[in-house]
Amino acid sequence: MSRKNILLIHTGGTISMKEDEETGEVKPGEKNPLVEHIKEVPDINLISTELFHLPSPHITPLNMLQIKNYIEEMKKIKNIDGVVITHGTDTLEETAYFLDVTLSLSIPIVLTGAMRSSNELGSDGLYNLLSALKVAASDYAKNMGVLVVMNDEIHTAKNVTKTHTSNVATFQSPQYGPIGMVNKGGVFFHHTPIVTNPLHVESLDKNVFLIKVFAGMDDSLLNGIEQLQPDGLVIEALGQGNVPPMMVPGITNLLNKKIPIVLVSRCFNGIAQDVYGYEGGGRQLKELGVIFSNGLNGQKARIKLMIALETTKDQQTLETIFAT
Ligand SMILES: NC(=O)C[C@H](N)C(=O)O
């Protein structure tokens, strides 16, 4: 078997942090401990870089675009068989989904992170990184879209989400489950994901907000958002895709001002649909022009809307983009 060339991009996160043994505080140090630890991996030529050293709550969509551009540039100038990105877990799913939606590469692209920092008991970082490298070097992981590897499981960027604040099994794909596993024996896939056509993105400056609906909500937040001159809005609605009636005037107002609104459900299983015909129900919202998304969570729908709005504001095109 020939050695695989794997591009390893560090961006920060707990995987690259240390715990202060006296205070218990976890934070980034001067150096990323992973860079010291991971130098030689059997059967893999590593091409490593530290693009950022950021906790993932500091990662912005512009950083995501930088990661994408870096991967594309490196792929052009080097013979790369796969990519691994280490990332903080808080926004890992957003970066993974951004890359999934925008990259058009058939090589494996894998994100990983850790829930326990490098010097903590039971630290999962090095283990997850080795698992991610195995997946990135696997021929079976080609043409699978962007993958997230944590805790022996392989998830798709589209379905995976962080479900637990501290457990190492935090990354789950509600409803669908992982598409494979990686362990001492190797890399095993049991599902093939549907891979969609990439969306083009060169810049990212659209102002897209995300709000979560609660019982008794009115349109005051929507009116506040209007003052911020939004380019788009994602609403995490109730159940199958409904909102309290007092939100309807604010939604109508934004739509009349040609601000696209994408609706997802705050339920983490199922997809939002135009089923209910009462005031504020999905049927009314769809008739008003709200775009229903096919099963994405709010934070990923926001990333997709930001990307889509870079090239189109056309209602039908946006509906098609959010149907997949
Ligand atoms: N486990 C982690 O990586 C969480 C950390 N706050 C981060 O996202 O950077």
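The residue count restarts for each chain, going from 1 along the sequence in the order it is written. With the structure being a predicted model, the display of local features is reserved for residues of pLDDT at least 70 and the display and counting of side-chain atom pairs for 80 or more, all residues being used for whole-chain, interface and lining totals. Based on all heavy atoms of the structure, the side-chain values leave hydrogens and waters out of the count.

Under an unreviewed UniProt entry, the name given to the protein chain is asparaginase, and the organism recorded is Metabacillus endolithicus. Check the Catalytic activity (unreviewed entry) section of the UniProt entry for the protein chain; it says "L-asparagine + H2O = L-aspartate + NH4(+)". UniProt positions are given in the numbering used here, feature names are shortened, and annotations may be inferred rather than shown by experiment. Within the UniProt record for the protein chain, the comment given under Sequence similarities (unreviewed entry) is "Belongs to the asparaginase 1 family."

Let us now look at the environment of Lys 162. Strands are runs of DSSP state E lasting at least 2 residues, helices are runs of H or I lasting at least 4, and numbering of each runs from the N terminus. With respect to the element layout, Lys 162 can be found in strand β9 (residues 161-162). Working rule for contacts: check all heavy atoms of both residues, and any pair within 4.5 Å makes them a contact. Here Lys 162 is in contact with Thr 89, Asp 90, Glu 93, Met 115, Thr 170 and Phe 171, once residues within four sequence places are set aside. Between N or O atoms, a polar contact is any pair within 3.5 Å; within protein, one atom must be a potential hydrogen donor and the other a potential acceptor, and residues adjacent in sequence are included only when both atoms are from side chains. Among the polar contacts listed, one links the side chain of Lys 162 to the side chain of Thr 89, at a separation of 2.8 Å.

All right, on to the nonpolar core then. Each nonpolar core is a collection of buried residues, namely Ala, Val, Leu, Ile, Met, Phe, Trp, Tyr and Cys, held together in the definition by side-chain atoms within 4.5 Å. Partly exposed describes any residue whose relative accessible area lies between the buried limit of under 20% and the exposed limit of over 50%, with all areas from a 1.4 Å probe on protein chains only and scaled to the type maximum. Within the largest apolar cluster, 51 residues are counted, with the highest numbers of intra-cluster contacts made by Val 83, Ile 85, Phe 98 and Leu 99. With seven residues, the top contributor of residues to this core is helix α8 (residues 298-309). Bear in mind that the domain bounds are from an automatic or database domain assignment. Two domains share this core, each providing at least three of its residues, namely domain 1 (4-189) and domain 2 (208-323). Beyond its immediate sequence surroundings of up to four residues, Leu 99 is in contact with Met 64, Ile 67, Lys 68, Ile 71, Ile 85, Leu 111 and Val 146. If you look at the next biggest cluster of nonpolar residues, it comprises 24 residues, including Ile 6, Leu 8, Val 84 and Ala 132.

All right, on to the pairing of strand β1 (residues 4-12) then. Look at any regular strand and the pattern is simple: side chains alternate between the two faces of the sheet. Burial of β1 is extensive: nine of the nine residues sit out of reach of the surface. The pairing criterion for strands is at least two bridges between them, as found by DSSP. Two strands pair when backbone bridges link them, and β1 and strand β4 (residues 44-54) are joined in this way by eight bridges, in the parallel orientation. Residue pairing for β4: Ile 9 is matched across the bridge by Thr 49. Pairing analysis gives five bridges linking β1 to strand β5 (residues 82-86), with the strands arranged parallel. Bridge pairing in β5 links Ile 6 to Gly 82.

Turning next to the UniProt feature "domain: Asparaginase/glutaminase C-terminal" (unreviewed entry) in the protein chain. According to UniProt, the feature "domain: Asparaginase/glutaminase C-terminal" (unreviewed entry) maps to residues 207-322 in the numbering used here. As annotated, residues 207-322 has a helix share of 38% and a strand share of 16%, and its two end C-alpha atoms lie 18 Å apart.

Attention shifts here to the sheet that holds strand β14 (residues 232-237). Pairing is parallel across the open sheet formed by four strands, whose spatial order is β13-β14-β15-β16. Single-partner strands in this sheet number two, and they are β13 (208-212) and β16 (291-292).

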